[in-house]
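Residues per chain are reported as follows:
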Amino acid sequence: MAASRGAFSSRLGFIMAAAGSAVGLGNIWGFPTQTASNGGAAFVLVYLVLAFCLAYPAFMAELLIGRYGQANAVTSLQKISRNIFHKRFAFVVGFGGIICAALILSFYGILAGWMMSYAVEPFTRIIGMESTADWVITQSLPRNLLFCALFMFLTIFIIRRGVEEGIEKWSKRLMPVLIFLLLGLISYVMTLKGAREGVSAYLNPDISRVLEPDLLISALGQAFFSLSLGTSVMVIYGSYISKKENLVTLGAQVTLIDVSIAFLAGLLIIPSMYVAQAQGVAIFAEDGSLISGSSLVFTVLPSLFNSMGDIGLYVALAFFILMSVAALTSSISMLEGPVSYAVERHNMERKKVTTYIGIGIFILSAIIIANISFMLDFVAILATQYGQPIIAMLCCVFVGWIWFRNDILTELKQGNDMVEHSLFWKIWPWYTKFVCPTAIAIVFWHSL
Ligand code: TRP
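Residue numbering note: each chain is counted from 1, following its sequence as written. Totals for whole chains, interfaces and linings use every residue, but because this is a predicted model, local features are given only for residues with pLDDT of at least 70 and side-chain atom pairs only at 80 or more, for both listing and counting. In computing side-chain properties, one takes all heavy atoms of the structure into account and sets aside hydrogens as well as water.

Describing the overall build of the chain
Secondary structure assignment for the chain yields 18 helices and zero strands. Each radius of gyration is computed over the set of C-alpha atoms, and the globule rule expresses the reference value as 2.2 Å times the number of residues to the power 0.38. At 21 Å, the chain has a C-alpha radius of gyration in line with the 22 Å of a compact globule built from 448 residues. In terms of overall dimensions, the chain has a C-alpha envelope of 65 × 50 × 40 Å along the principal axes. For the chain, buried positions account for 57% of its 448 residues. Across the chain, the fraction of contacts at a sequence separation of at least 24, relative to all contacts at a separation of at least 6, is 82%. Strands are runs of DSSP state E lasting at least 2 residues, helices are runs of H or I lasting at least 4, and numbering of each runs from the N terminus. Summary of the burial criterion: residues with accessible area below 20% of their type's maximum are buried, those above 50% are exposed, and those between are partly exposed, where the area comes from a 1.4 Å probe applied to protein chains only. Contacts were defined at the residue level, with two residues in contact if any of their heavy atoms lie within 4.5 Å.

Next comes the structure, spelled out in C-alpha cells:
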C-alpha cells in the first residue's frame, strides 16, 4: 500500500496545505470576533503565548505520529501501540478524531456557504440582478441548502483528486490569493477615517484581563481550532511529509503563518469596525462590548461596505471571496481525514469514497440546516469544545506515555540530524508528557 499513498511533492506544498488547513474561518472570523469580545489586545497576547506554548507542541505530536505511521490516524496510532490495550485506545483516539473532523465539516460547510452567498451578492448587484442579490443574503432554507451544497461540491472536487493534484495544487493556488486579498483589504481600510482608532483599540492590551479564566479558555480553544488539532487532520497531513524534511521547523513555520494571518485578520476587522462607526454604524452592543459573532460579519461589515458607495461592492466581493477561499482550504483537510481512513483501511477507491462521504456529510449539514436554531450551536460546541481538546490531549498522552522516547528521537532525527542537541528535544518530550495534557485538561475542566 505504501507505494500507492499520496504525498506532498515539496516542502512548500506541505506548508501551503497545512497552513491552508490552519488558516480558515477560525482565523478571519473567529479570531477577530473573540478579540473583540475579550478585551482586544489582551486576548491577542494570551493567544500568541498559548499558540506557541501549548498548541505548537500538540501540533508537533500529531504531525510526528502521522509521519512515523505513514498512514491514516488509526493505523498510525496503532503502529505506536505495543499491546492490545494500546491498540484499542489508538482506535478510539484515531477514529474519534475522524468523526470529529466530519462533524466540524458538517457545520463549517454551512458557514462557508453563507460566505459564498455573500460573495455572490455584490457580484449579482454589479451585473444588475437585484432580486437575486436580495435572495442570496436573506436567510432561507433553500438558500442555505444550495450554498452549502455548492461548497461541499468544491470540497469533494478537490479531495477526489488526491494529495498532490488536489490538496497540494489547490492550496498552492488559493493561499496566495488569500494573502493578497487580505493585505489588499487592510491597505484600503487603513486609508479610511476611523481606522487609526481601531488599530489602537486592537493593539492596546488591557493587561488586567490577561488572567481571566474565560479569556484563557477562549484563547486556548481558538488556538486548537485554528491549528486543526484533535481531528486526525494533522496526523494525516504529517503522514504525507517526506522523511527528508525537518519536522520541527516545518511545524513552527506553519504555526507562525497561522498566527500571523489571524493577527492580520484582526488588523482588518477591528479597524473596519471603527471605520463603520465613523460612518454611523453601531458597533457596540448594549452592554458596551464590541459587536461580535455573526452580526459582525453579516451586519456591521456589510453596512460598512454599503456606506462606501460603488467601490463598496468590490470591497465586499473581495472580502467574501477571501472568506470563502479560507474556508475551502480548511474544509478539504476535514474531508481528507475520513477519506484517507476509508481508502486505507477498507481498500475503497478514492474518488468514489470521497463522493460518498462528502454526500453523507452534506446530509448531516442538511439536517442541521433544517433545525438550525439549536443544532448549529450544538454540533459546533460538541466538536470543538469537547471533541477537539479531548482528542488532542489523548494524542499528547500517546506520544508522552506510550511511544518510546528513543523511537520518537529516531523519527525526529530523520531530516534533522542534530535534533538531539537542540532546545526542542530538551523541552518538548516532557512538555508533551506533562504540561500539555495537564493544561488542556485544566482548561477543559474549567470550560465545563
Ligand atoms: N483551522 C481552521 C480554521 O481556523 C478550521 C479547521 C480546518 C479545522 N481543519 C480542521 C478545525 C480540522 C478542526 C479540525 O478555520
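Some remarks on the environment of Gly194
One can find Gly194 in the loop between helix 8 (162-190) and helix 9 (195-203). Filtering out sequence-adjacent residues up to four positions away, Gly194 remains in contact with Pro271, Tyr274, Val275 and Ala278.

A few points about the site of the ligand
Residues in close proximity to the ligand total 17 residues, the closest being Ala22, Gly26, Tyr108, Phe225 and Ser226. In protein, a polar contact requires one atom able to donate a hydrogen and another able to accept it; more generally it is a pair of N or O atoms within 3.5 Å, and residues adjacent in sequence count only if both atoms are side-chain atoms. Here a nitrogen atom of the ligand sits 3.0 Å away from a polar atom, N or O, in the main chain of Phe225. The separation between a nitrogen atom of the ligand and a polar side-chain atom of Ser333 is 3.0 Å. Taking 360 Å² as the accessible area of the ligand by itself, protein coverage stands at 100%. For the shell around the ligand, the secondary-structure elements that each account for two or more residues are helix 1 (11-22), helix 2 (25-37), helix 5 (84-126), helix 10 (213-226) and helix 14 (310-346). Note that Gly is not counted as nonpolar here; it falls among the polar residues with everything else outside the nonpolar set of Ala, Val, Leu, Ile, Met, Phe, Trp, Tyr, Cys and Pro and the charged set of Asp, Glu, Lys and Arg. Broken down by class, the residue content of the shell around the ligand amounts to seven nonpolar, 10 polar and no charged. The near set for a molecule or strand comprises every residue that places at least one heavy atom within 4 Å of it. A 1.4 Å probe and the Shrake-Rupley method give the accessible areas. Residues count as covered only by the protein chains that appear here.

Description of the packing of aromatic side chains
Side-chain rings of Phe, Tyr and Trp, where Trp is taken by its six-membered ring, are said to pair if the distance between their centres is within 6.5 Å; with planes under 30 degrees apart they count as stacked, over 60 as edge-to-face, and otherwise as tilted. Inspection of every chain in the model, using the stated rule, returns 26 aromatic pairs. Here the aromatic rings of Phe305 and Phe319 are separated by 5.8 Å at their centres, their planes lie at 50 degrees, and the arrangement is tilted. With Phe305 in helix 13 (residues 293-307) and Phe319 in helix 14, this residue pair connects regions lying 14 residues apart in the sequence. The class for Phe305 is buried, based on a relative accessible area of 8%. A relative accessible area of 2% places Phe319 in the buried class. Only when the NZ of Lys or the CZ of Arg is both within 6 Å of the ring centre and within 35 degrees of the ring normal is a charge said to sit over the ring. Lying over the aromatic face of Phe404, Arg82 brings its terminal NZ or CZ to 4.0 Å of the ring centre.

Digging into the pattern of salt bridges
Working definition: two side chains of opposite charge can pair if their charged atoms are close together. The salt bridge definition used is simple: a Lys or Arg side-chain nitrogen within 4 Å of an Asp or Glu carboxyl oxygen. Per the stated rule, a full pass over the model turns up 12 salt bridges. The partner of Lys169 in a salt bridge is Glu165, and the shortest N-O contact between them spans 2.9 Å. On the criterion of helical spacing, the pair formed by Lys169 and Glu165 is a turn pair, its members being four residues apart in helix 8. Here Glu165 falls in the partly exposed class, since its relative accessible area comes to 43%. For Lys413, the salt bridge goes to Glu420, with nearest N and O atoms at 3.0 Å. According to the relative accessible area criterion, Lys413 is partly exposed, its value standing at 30%. When its relative accessible area of 35% is taken as the criterion, Glu420 is described as partly exposed. Each member of the salt-bridge network shares a partner with another, and the members are Glu121, Arg125, Glu130 and Asp134.

Observations regarding the packing of helix 2 against helix 12 (residues 247-278)
Geometry is summarised by axes, namely lines fitted to C-alpha atoms with helices restricted to the contacting stretch, and by angles between N-to-C directions that run from 0 to 180 degrees. In the contact formed by helix 2 and helix 12, the axes pass within 8 Å of each other and the chain directions differ by 65 degrees. Here the hand of the crossing between helix 2 and helix 12 comes out right-handed. Residues Asn27, Ile28, Phe31, Pro32, Thr35 and Ala36 of helix 2 lie in contact with helix 12, whose contacting residues are Asp258, Ile261, Ala262, Phe263, Ala265, Gly266, Ile269 and Ile270. The residue makeup of the contact of helix 2 with helix 12, split by class, is 10 nonpolar, three polar and one charged. Crossing handedness follows the turn of the near helix against the far one: under a right angle anticlockwise gives a left-handed crossing, and clockwise gives a right-handed one.

Examining the side chain of Arg5
If you trace the backbone, Arg5 turns up in the segment before helix 1. On the basis of relative accessibility, which here comes to 15%, the residue Arg5 falls in the buried class. Here the side chain of Arg5 touches Gln70 through a polar contact of 3.1 Å, landing on its backbone oxygen. Engagement of the side chain of Arg5 in a polar contact is seen with the side chain of Glu344, the distance being 2.7 Å. Among all residues touching Arg5, those that are not within four sequence positions of it are Gln70, Ala71, Asn72, Ile236, Ser239, Tyr240 and Glu344.

Remarks on helix 17 (residues 405-413)
All of the buried residues in helix 17 are Ile408, Leu409, Glu411 and Leu412. For helix 17, the angular spread of buried residues about the axis comes to 165 degrees, placing them on one side. Residues of helix 17 that are buried in the fold lie against helix 3 (41-69), helix 12, helix 16 (372-402) and helix 18 (423-447). Trailing helix 17 by a residue or two, Gly415 shows a phi angle of about 85 degrees, which is positive. Of all possible arcs, the one meant is that of the directions from the helix axis to the C-beta atoms.

Examining the nonpolar core
One recurring pattern in soluble globular proteins: nonpolar side chains tend to sit buried together. What makes a nonpolar core is a set of buried Ala, Val, Leu, Ile, Met, Phe, Trp, Tyr and Cys residues whose side-chain atoms join them at distances within 4.5 Å. Within the largest apolar cluster, 158 residues are counted, with the highest numbers of intra-cluster contacts made by Phe14, Tyr237, Phe319 and Phe320. The residues touching Phe320, leaving out its near neighbours within four places in the chain, are Met115, Tyr118, Ala119, Val297, Phe298 and Phe305.

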